[in-house]
Amino acid sequence: MNVREIREILANNLAQVEERLQVACTQSGRARAEVTLVAITKYVPPEVAGFLCELGVLDLGESRPQELWRKAEYLPKARWHLVGHLQRNKIERSLSLLHCLHSVDSLRLLKAVHEEAQQQQRTIPVMLEFNCSGEASKHGFAPSTCEELVQPLQELTQVRVLGLMTMAAADRDARPTFAQLRGLRDWLRERVGSCQPLTDLSMGMSGDFELAIAEGATHVRLGSILFEGLTQHNP
Ligand SMILES: *Cc1c(COP(=O)(O)O)cnc(C)c1O
């Protein structure tokens, strides 16, 4: 496949996704501008991620820190989002590259990120990842631990907690999970008060993003749907 063909397929996929985003927003009475498309580029090399930027998609995400470092070096102008687990020994290097960390999955990590942000004399936008489906394979806070988060969120001011993030289980209706995340966000926002924004919801992937938008997603994380026809095996 040559570069022209790759760009053409990407532009087509993106146009179809845009159309569906627009329809989903309209159907739930929301403005398209309320929803950020974060393109998850883990399936493609940096050059293909670069074509997406040329098409106007500047919010890019990766699930593995090392891969994010590699691509961010190649595409420093993109706004980089980390959506997968961050090991503590990779915080320092990752923070300086990140626009938003979607996957804060423990209090220990939240504190460590706060401390590193303090070192780097900046605040870092983050989301708290919740494991709503209860699957053992997934990272994240259990919904029952919300209460324990209130005080730390008021104290750890170098992290700007934009909102919550989740992944729905593949084997059942995603909508109740998304509704639950919205409920958790509203609950936390009320308890935590004005020291954290808690306005956002990072939810919805290729298979379920329209449901997520209907439940108030502000960030949809789309990977495979953008790269259809380009990657050999879509997961
Ligand atoms: C891979 C990944 C996505 C994108 O998934 P697709 O189903 O390919 O759209 C979104 N969020 C996270 C956390 C991921 O790891």
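Conventions used here
- Residues numbered from 1 in each chain as written.
- Predicted model: local features only at pLDDT ≥ 70, side-chain atom pairs only at ≥ 80, totals over all residues.
- Heavy atoms only, no water.
- Near = heavy atom within 4 Å.
- Polar contact = N/O pair within 3.5 Å; in protein donor to acceptor, adjacent residues only side chain to side chain.
- Areas by Shrake-Rupley, 256 points an atom, 1.4 Å probe, with all protein chains shown as cover.
- Buried < 20%, exposed > 50% of the residue type's maximum accessible area, 1.4 Å probe, protein only.
- Helix = DSSP H or I, 4+ residues; strand = E, 2+ residues; numbered from the N terminus.
- Contact = heavy atoms within 4.5 Å.
- Salt bridge = Lys/Arg side-chain N within 4 Å of Asp/Glu carboxyl O.

A. Region of the structure containing the site of the ligand. The environment of the ligand is made up of I40, K42, Y43, S63, V83, M167, M205, S206, R221, L222, G223 and S224. Within the contact set of the ligand, an oxygen atom lies 2.5 Å away from a side-chain nitrogen or oxygen of S206. A distance of 2.8 Å separates an oxygen atom of the ligand from a polar backbone atom of S224. Summarising the interface, the protein chains cover 89% of the accessible area of the ligand, which totals 380 Å² for the free molecule.

B. Expanded view of helix α3 (residues 65–74). When α3 is considered as a whole, its buried residues turn out to be P65, E67, L68, W69, K71 and A72. On its buried face, α3 sits against α2 (46–54), β2 (59–62), β3 (79–82), α4 (91–95) and β4 (98–104).

C. Summary view of the environment of N89. Structurally, N89 is set in the loop between β3 and α4. Residue class for N89 comes out exposed when judged on its relative accessible area of 66%. When the C-alpha positions of N89 and L211 are compared, they lie 36 Å apart, and in sequence the two are 122 residues distant.

D. Local environment of the pattern of salt bridges. Scanning all chains against the criterion turns up 16 salt bridges. A salt bridge links E67 to R70, with the shortest nitrogen-to-oxygen separation between them at 3.0 Å. Within this pair, E67 and its partner R70 are both found in helix α3, separated by three residues, close to a single helical turn. Among the charged side chains, a salt-bridge network with shared partners connects E62, E67, R70 and K71.

E. Just the environment of T177, in detail. Relative to the helices and strands, T177 is located in helix α7 (residues 175–192). Given the relative accessible area of 10%, T177 is considered buried. Residues T177 and M203, 26 residues apart in the sequence, show an inter-C-alpha distance of 9.5 Å. With near-sequence residues (within four places) excluded, T177 lies in contact with C132, T166 and A168.

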